[in-house]
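Examination of the molecular architecture
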Amino acid sequence: MTAGATLAHFFAPVETQPEPIDVEILPAMAIRWDSEVGQNYEVQSSPDLENWTTEESNIEGSGEAMTHFFIREARERYYRVLESE
């Protein structure tokens, strides 16, 4: 290469279109809580604050805020996070 010469690279654009994908967007709800390292948690839901169902269990705490997402159902639900063994 000589003094003052410029090196240039040219790239041809890719002429392909990405394949379309089917996407379903669902309404979701986020549950967030502060966790303790090594502590396990479970998330429960209830339609009436009396009868509880475990939605997710054995969630290990990291010492940071934890966020878990759940698909919102048409009917009203209540959620709670419990420490577990």
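A few points on the structure. Just so we're clear, the structure is a prediction, and the values are computed from it rather than from any experiment.

Details of the overall build of the protein
Summing up its helical and strand segments, the protein has zero helices and five strands in all. Start at the N end of the protein and walk to the C end: the helices and strands fall as β-β-β-β-β. Residue burial in the protein is summarised as follows: out of 85 residues, 21% are buried. In the protein, the share of contacts with a sequence separation of at least 24, taken over all contacts with a separation of at least 6, comes to 65%. Element-wise, carbon and sulfur atoms account for 50% of the exposed surface of the protein, whose accessible area totals about 7300 Å².

Topic: the nonpolar core
One finds Ile31, Trp33, Tyr41, Val43, Ile59, Met66 and Phe70 forming the largest nonpolar core, which totals seven residues. Put simply, the parts of the chain that give this core at least two residues each are β1 (28–34), β2 (40–46) and β4 (65–71). Leaving out residues up to four positions away in the same chain, Phe70 has contacts with Pro27, Ala28, Met29, Ile31, Val43, Glu55, Glu56 and Tyr79.

A look at the environment of Asp48
When you line up the elements, Asp48 lands in the loop between β2 and β3 (53–60). Accessibility expressed as a relative area gives 34% for Asp48, which makes it partly exposed. Sequence spacing of Asp48 and Glu76 is 28 residues, and the spatial spacing of their C-alpha atoms is 8.7 Å. There is a polar contact of 2.8 Å between the side chain of Asp48 and the side chain of Asn51.

Considering the sheet that holds strand β5 (residues 78–84)
The sheet built from three strands is open, its strands ordered β3-β2-β5 with antiparallel pairing. Each of the sheet's edge strands pairs with one partner strand only, and the pair in question is β3 and β5. In this sheet, adjacent strand axes meet at a mean angle of 20° when their direction is disregarded. By the bridge criterion, five bridges tie β2 to β3 in an arrangement that is antiparallel. In the sheet register, Asn40 faces β3, and the bridge partner there is Glu60.

Thresholds, definitions, all that
- Residues numbered from 1 in each chain as written.
- Predicted model: local features only at pLDDT ≥ 70, side-chain atom pairs only at ≥ 80, totals over all residues.
- Heavy atoms only, no water.
- Helix = DSSP H or I, 4+ residues; strand = E, 2+ residues; numbered from the N terminus.
- Buried < 20%, exposed > 50% of the residue type's maximum accessible area, 1.4 Å probe, protein only.
- Contact = heavy atoms within 4.5 Å.
- Areas by Shrake-Rupley, 256 points an atom, 1.4 Å probe, with all protein chains shown as cover.
- Core = buried A, V, L, I, M, F, W, Y, C linked by side-chain atoms within 4.5 Å.
- Polar contact = N/O pair within 3.5 Å; in protein donor to acceptor, adjacent residues only side chain to side chain.
- Pairing = 2+ DSSP bridges.
- Axes fitted to C-alpha atoms, helices over the stretch in contact; angles between N-to-C directions.

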